[in-house]
Amino acid sequence: MRFRKSTWIWLVTFVVAFAARIVLRRASENTGCLSFAALALAWNAGLILAWRGGRVLFRLVIRRLALRLAFSYFLIGIVPIPLLATLTFLASYLVANQYIANRLRREVTAVGTAALAGRADLPQVRTDQDGRIASSDVAWLPPGDAAPWLNGLARPGFLANANRLWLAVPSGNRSARLLDLSDPASPWIQNLAEATGYGVTAEIGTTSNEKNGFQISSRDDDAAPRPGVAGGEPASPTRRPRGAPPPGTGWRDREWIRAFYLETVLNAVQERARTGHNVAILQATTSPRVLADQMFSQGVAGVGRVFWLVFLGISAALLAVYLTSVVIAFILAGSIARSVNRLTRAAEAVSRGDFSVRVRSRSRDQIGDLARSFDGMADSIQRLLVDTARRERLESEIAMARTIQHKLLPPTEAVLPGFRVLAHFEPVAEIGGDYYDYLPMPDGRTAVALGDVSGHGLPTGLLVAMAKSALSTLLEAGHAESELFARLNELIHRSTEARHYMTLCLLSYDSSTRVGTLTNAGQLAPYRVSGGQVEALALPAFPLGLFADKPFPSRPYDFAPGDLVVLFSDGLVEGTDAREDAFGFDRLEGVLRAHSGAGARALMDAILVAVASHTEGRPPEDDRTIVILTLE
């Protein structure tokens, strides 16, 4: 794992500061601010490193979907358990505290009432009709003092005298008996412990409302006793029930539950002004076992055990349901993670070029649909790649065939015995169907041919190549005119289907006599341009390959020096404009007349410009081939 530069800096800072701290502490006990500065720097660096380490760990956890889902379900399903347990514990502790406090309140009333009935020697206080003390058996409540609390006393209440806590029990006729709860020799706190079953301590304290909230402090919290007040020891020692077993060591038997019952003392106004105390505090300590026995006990033995068993049974059932739900959730998360991992591995394989990998998920959920879509996409891509490779191979072969076809055609400009040649070849497909050639004949003449094979593409190119080869072979064998065309017709008819045919026009020119013999097989009639006149050398006949025994006529023509012979394919005159109007023979003848004396090059350019202007630059729909002979 690579760390950032700043992380290395903080790591080095932490090590150096920590080492400096150790060295300074060993060197001298009194290092001053240097040791503190090193410690502070080490702490800061450590906190930053811990923060960054936590971020790295968190990113590692949530990096993969499986860990992310597991972490999510952990947060949702597991983390609430300790939180709920903590809340349950706090709620139970609060309920237990209130239960113990109410029990203390009830039992302290019962202890006071029993003492009033069983002890006639208890100190007594009486008031008159004005609420002042008429007689008193204790010195700290002198006659004549105001005691408004005594006239309204309906149940035992607490009184405070410096650090001593008393219980005032109403005895009727505006009088009360007093129990000294702070006297270690008195039995009252012991009786309270016997009645409740808890370890009990009674003391006095102080309450106050401050900015930080409600504050309670006992006498033991005072840092320095006030003048005239004996401090330093509790109002009464902790009394435990007689015969109770000593506290155990387990969590159920150890007395770690502590509860308080607070009650404002009856003479709170006087005591707060004199000592600052105004509240009585009864503290009880007990164990969970004793508390549970008290809360669930009834008059019939074993009922409390039934309650416990029902509670534990319901808790176990709920826990089982919860754990089952968590297990099911993790199983579902695992299935999702496994499906996503399979998709991820398949996508990685596809990215490496392996398009044969498939997920093949049987799941019927959204992830299963996604997996099936992925498989379909991989199938489509694989087929597309196969088709693309096949197409590229075919295009490569077609490009090679086109190159071969162009190499089969002679140069566009040539000087031959008795005439010059200027040609223009414009195929509409990779492999065109038009063909032109000029070949020497055994009898000294020169043959100029222009043909057009039906269709386009590779079959057409093959037929053109075959026709060129056959034409060259037949000419070298001495065949000419009608006999030559008859043999070509037989060969093409035998080698192709009925829908394939070839039109061909061949002019055999004798430079010594200036006689050219024209043989035509369905090709457009060439034009002779002579002295400003344009003449179509028409010689109707069927194309080659349609019929096996049709004749092909030939006719000789006399030419003069300077005559132009224009041979062309049908793609030239069939070019249309936006209104589907063809260029036609009339426009071609007009161009020939207008530029009859300009020469072959100018005439060629004029024809091409006229056709392009008529078609408004639209691409041709058929091959366009022009061959112009300039006779000498």
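Below is a summary of the structure that appears in this document.

### Observations regarding the packing of helix α4 (residues 80–118) against helix α8 (residues 288–296)
For the pair α4 and α8, interaxial distance at closest approach is 12 Å and the crossing angle is 70°. By the angle class used here, α4 and α8 are roughly perpendicular. For the pair α4 and α8, the contacting residues are Val95, Ala96, Tyr99, Ile100 and Arg103 in the first and Leu291, Gln294 and Met295 in the second. Broken down by class, the residue content of the contact of α4 with α8 amounts to six nonpolar, one polar and one charged.

### Considerations on the sheet that holds strand β18 (residues 554–558)
The strand order β12-β13-β14-β15-β18 describes an open sheet built from five strands, whose pairing is antiparallel. Because the sheet does not close on itself, it has two edges, and the strands there are β12 (434–440) and β18. Across the sheet, the axes of successive neighbouring strands diverge by a mean angle of 15°, strand direction being ignored.

### Here's the deal with the pattern of salt bridges
Oppositely charged side chains are able to pair whenever their charged atoms sit close together. The final tally for this structure, using the stated rule, is 22 salt bridges. A salt bridge links Glu589 to Arg593; the shortest N-O distance between them is 3.8 Å. On the criterion of helical spacing, the pair formed by Glu589 and Arg593 is a turn pair, its members being four residues apart in helix α14 (residues 584–594). Residues joined in a network through salt bridges with shared partners are Asp443, Arg445 and Glu481.

### Description of unusual backbone geometry
Not every positive phi belongs to a glycine, and Arg514 is a case in point at roughly 55°. Checked against the element boundaries, Arg514 lands in the loop between β14 (502–510) and β15 (515–521). For Arg514, a relative accessible area of 32% puts it in the partly exposed group. Of note in the backbone geometry, Glu580 takes a positive phi value of approximately 65° without being a glycine. Tracing the backbone through its elements, the reader meets Glu580 in the loop between α13 (570–573) and α14.

### A word on the nonpolar core
Soluble globular proteins: nonpolar side chains tend toward being buried together. Residues Leu471, Val627 and Leu629 are the most contacted members of the largest nonpolar core, which totals 47 residues. The element that contributes the greatest number of residues to this core is helix α11 (residues 458–476), accounting for seven residues. Setting aside residues up to four positions removed in sequence, Leu629 forms contacts with Phe419, Arg420, Val421, Val448, Leu507, Asp563, Leu564, Val565 and Leu567. Listed in part, the 32 residues of the second largest apolar core include Leu122, Leu167, Tyr198 and Tyr261.

### Details of the side chain of Glu107
Turning to its location among the elements, Glu107 is positioned in helix α4. With no salt bridge to any partner, buried Glu107 finds its closest opposite charge in Arg106, at an N-O distance of 4.2 Å. Excluding anything up to four places from it in sequence, Glu107 contacts Leu192, Ala195 and Thr196.

### As for the pairing of strand β19 (residues 564–568)
The side chains of a regular strand alternate, residue by residue, between the two faces of the sheet. Among the five residues of β19, five are classified as buried, and the element is accordingly described as predominantly covered. Both faces of β19 are covered, namely the face carrying Leu564, Val566 and Phe568 and the face carrying Val565 and Leu567. Bridging between strand β16 (residues 527–530) and β19 involves three bridges; their strand directions are antiparallel. Residue pairing for β19: Val529 is matched across the bridge by Leu564. Relative to strand β20 (residues 624–631), β19 runs antiparallel, the two being bridged by five bridges. If you follow Leu567 over to β20, its bridge partner there is Val627.

### What about a nonpolar patch on the surface?
A surface patch of nonpolar side chains, amounting to about 370 Å² of accessible area, comprises Phe74, Leu75, Ile76 and Phe330. The dominant element in the nonpolar patch, judged by the number of residues it contributes, is helix α3 (residues 65–78), at three residues. Along the chain, Phe74 turns up in helix α3. The exposure class assigned to Phe74 is partly exposed, which follows from its relative accessible area of 37%.

Conventions and cut-offs
- Residues numbered from 1 in each chain as written.
- Predicted model: local features only at pLDDT ≥ 70, side-chain atom pairs only at ≥ 80, totals over all residues.
- Heavy atoms only, no water.
- Axes fitted to C-alpha atoms, helices over the stretch in contact; angles between N-to-C directions.
- Helix = DSSP H or I, 4+ residues; strand = E, 2+ residues; numbered from the N terminus.
- Parallel < 35°, antiparallel > 145°, perpendicular 65-115°, else oblique.
- Contact = heavy atoms within 4.5 Å.
- Nonpolar A, V, L, I, M, F, W, Y, C, P; charged D, E, K, R; others polar.
- Pairing = 2+ DSSP bridges.
- Salt bridge = Lys/Arg side-chain N within 4 Å of Asp/Glu carboxyl O.
- Buried < 20%, exposed > 50% of the residue type's maximum accessible area, 1.4 Å probe, protein only.
- Core = buried A, V, L, I, M, F, W, Y, C linked by side-chain atoms within 4.5 Å.
- Lys, Arg positive; Asp, Glu negative; His and termini not counted.
- Patch = residues over 30% accessible without salt bridge, like charges linked within 9 Å, V, L, I, M, F, W, Y side chains within 5 Å.
- Areas by Shrake-Rupley, 256 points an atom, 1.4 Å probe, with all protein chains shown as cover.

None of this, on its own, says anything about what the molecule does.
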